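Here is how the chains run, residue by residue.
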Amino acid sequence: EPRIDFSNDAKGALLLEPSRMNLITQSESFDNAYWTKTNSSVVSGFVSPNGTTNAFKLVEDTSMGIHILQPTTPITTVIGTSYSLSAFYKIGERPYGIIGLHYNSSNGCIAEYEFSTDTFVYLGAAGANYSISNLKSIVLANGFVKLSCTITTGHTVAFPSFGVHKNLLTTGIIANNTYQGDGTSGVYIYGGQLEQASYATSYIPTSGSAVTRVADACSQTPPSGIIGQTEGTMYAEIDFKSKPEAGSPIVGIITLNNNVSNVQNCIILGIERQSGGVNRFFPLVRVGNSDVAYVAGQALTDGIYKAAFAYKQNDFVLYVNGVQIGTDTNGAVPTTSQVLVGERYNSDPFKIADGIKETKLYNTRLSNAELQALTT
């Protein structure tokens, strides 16, 4: 059964993700002994984002302290490695939800989210090798919001933590962010997840052990005359949301290839993540092991883009949002036999944060006027 993502569009989109493991082994049962309730308690019986009554309310006690949930036993981690933490929150009596990963009272990372403004209002790190970035929030229709962040760890074990707060945080040291609870106030919470990866993916439920979701994939038999032609046009509409990732390769949106395991004899409409911190459209044509044509696009910021790359012998052009970005008038068109959407080959997948809203493949090199109209 295909998975449909409705987070960016009410019509839904096919959700295709890489394989991931949720390292939290009790992702929903916050009343389980797996979870230590520090200066807090949990109350069951609330409707979660999936429409069933399996969400909890995290309620602060009356002590002066930090009011959080964390696993009773720490999770094994790798020093200097990126982990992405996520959970679903809903506003209660308190204005802030907090999310973080720590080793002890003085080493770790924490972020604070303000419900009323849909904004992360604080992030902080403490201790060697700890950092926090890539904070994201996705507001859902039923009042919940999915919060996620990416954390680099400094120890071989760590405690993911989900909490409630009354005030603005002041330090990345989680134990120092104390306040006096009233015994009744809190926030609602559901679906804790920790992944060893640089960005968060969709929720993977667990109940007693870590769970791995296999990679999604879809394919069809190539229609005759569309793939392998001597001219054509690639089109894509994307919702670009990613932060720069220094030194990463070109990430494919649409790729024509003749071997899924390499980038020989291929045509790529993709995004280059440059080491200087700039992301840009970067169509590339390769014949054998050689780059024969490319057009470098302008720097990308968060937003919607419509791009079209037209190709023909000695005739290559890139249009983005109705504007001609550049041309290349020297190069051959390679022989290809397959099309890939969301990757250039079997690595470097297009990040899930960058939603691919639509793709098209034409078997002719559209005119410049048609390219302008198509991408406007």
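Heads up: these notes are all about the structure in this document. This is a predicted model, so every value here is computed, not measured. (Residues numbered from 1 in each chain as written. Predicted model: local features only at pLDDT ≥ 70, side-chain atom pairs only at ≥ 80, totals over all residues. Heavy atoms only, no water.)

Looking at the sheet that holds strand β6 (residues 55-60)
Strand order in this open sheet of six strands is β5-β6-β18-β10-β15-β14, and the pairing throughout is antiparallel. Where the open sheet ends on each side, the last strands, each with one partner, are β5 (40-46) and β14 (131-139). When the angles between neighbouring strand axes are averaged without regard to direction, this sheet yields 30°. Both β14 and strand β15 (residues 145-152) contribute to a ladder of seven bridges, which runs antiparallel. (Pairing = 2+ DSSP bridges. Helix = DSSP H or I, 4+ residues; strand = E, 2+ residues; numbered from the N terminus. Axes fitted to C-alpha atoms, helices over the stretch in contact; angles between N-to-C directions.)

Topic: unusual backbone geometry
Phi is positive for N39, which is not a glycine, with a value near 50°. As for its placement among the helices and strands, N39 is situated in the loop between β4 (35-38) and β5. Non-glycine residue N134 carries a positive phi angle of around 55°.

Comments concerning the environment of G252
As for its position among the elements, G252 is in strand β21 (residues 250-257). According to the relative accessible area criterion, G252 is buried, its value standing at 0%. (Buried < 20%, exposed > 50% of the residue type's maximum accessible area, 1.4 Å probe, protein only.)

Describing the environment of G124
Tracing the chain through its elements places G124 in strand β13 (residues 119-126). Of the residues examined, G124 reaches a relative accessible area of 8% and is grouped as buried. Once the C-alpha coordinates of G124 and S29 are considered, the two residues, 95 residues apart in sequence, prove to be 28 Å apart. Leaving out residues up to four positions away in the same chain, G124 has contacts with G108, C109, I110, I132 and G172. (Contact = heavy atoms within 4.5 Å.)

Some details on the nonpolar core
Counting residues in each nonpolar core, the largest one holds 34 residues, and the members touching the most others are I24, F30, Y89, I99, F162, I189 and L194. For this core, the elements supplying multiple residues, two or more each, are β6, β10 (82-90), β11 (96-104), β12 (107-114), β15, β16 (157-165) and β18 (186-195). Among all residues touching L194, those that are not within four sequence positions of it are M21, N22, L23, I24, I75, Y83, S84, L85 and L101. By size, the runner-up hydrophobic cluster in this structure holds 24 residues, among which are I227, Y305, A307 and L318. (Core = buried A, V, L, I, M, F, W, Y, C linked by side-chain atoms within 4.5 Å.)

Things to note about the packing of aromatic side chains
This structure, assessed with the given rule, holds 14 aromatic pairs. Relative to F56, the ring of F30 has its centre 6.1 Å away and its plane inclined at 90°; by these criteria the two rings are edge-to-face. With F30 in the loop between β3 (20-22) and β4 and F56 in strand β6, this pair connects stretches of sequence that are 26 residues apart. A ring pair is formed by W35 and F162, whose centres lie 6.0 Å apart and whose planes are at 50°; its orientation type is tilted. With W35 in strand β4 and F162 in strand β16, this residue pair connects regions lying 127 residues apart in the sequence. (Phe/Tyr/Trp six-rings, centres within 6.5 Å; stacked < 30°, edge-to-face > 60°.)

A word on the side chain of R213
Mapping R213 onto the fold places it in strand β19 (residues 211-213). By relative accessible area, which is 12% here, R213 ends up buried. Polar side-chain contacts of R213 include one of 3.2 Å to the backbone oxygen of S202. Residues in contact with R213, not counting those within four places in the same chain, are R3, E17, P18, S19, R20, T201, S202 and I204. (Polar contact = N/O pair within 3.5 Å; in protein donor to acceptor, adjacent residues only side chain to side chain.)

As for the environment of S106
With respect to the helices, strands and loops of the structure, S106 is situated in the loop between β11 and β12. Accessibility expressed as a relative area gives 35% for S106, which makes it partly exposed. With 69 residues separating them along the chain, S106 and A175 place their C-alpha atoms 7.3 Å apart. Look past the residues within four positions of S106 in its chain and what remains in contact with it is A126, G127 and I173. Side-chain polar atoms of S106 contact the side chain of N107, separated by 3.3 Å.

As for the pairing of strand β26 (residues 303-312)
In this sheet, β26 lies alongside strand β20 (residues 232-240) in antiparallel orientation, the contact comprising nine bridges. Each bridged residue has a counterpart across the sheet, and for A236 the counterpart in β26 is A307. Pairing geometry for β26 and strand β27 (residues 315-320), over six bridges, is antiparallel. Bridge pairing links F309 to L318 in β27. Between β26 and β27, which follow one another and run antiparallel, lie two residues, and N314 among them has a positive phi close to 60°.

Some details on the pattern of salt bridges
Under the definition given, this model contains twelve salt bridges. We note a salt bridge from E60 to R94, for which the minimum N-O separation is 2.6 Å. Taken together, the residues E60 in strand β6 and R94 in the loop between β10 and β11 connect sequence positions 34 residues apart. Comparing E60 with R94, the two get one shared label, buried. Sharing partners across several salt bridges, the network here consists of R3, E17, R213 and D216. (Salt bridge = Lys/Arg side-chain N within 4 Å of Asp/Glu carboxyl O.)

A closer look at the state of the cysteines
If you walk through the whole model with that rule in mind, you get zero disulfides. In this structure C266 is a free cysteine whose sulfur lies 20 Å from that of C218, the closest cysteine sulfur available. (Disulfide = S-S within 2.5 Å.)

Considerations on the sheet that holds β20
Taken in spatial order, the five strands make up an open sheet running β28-β27-β26-β20-β30, and their pairing is antiparallel. The open sheet has two edge strands with one neighbour each: β28 (323-328) and β30 (355-362). Between one strand and the next, the sheet's axes are offset by a mean angle of 15°, whatever the strand orientation.

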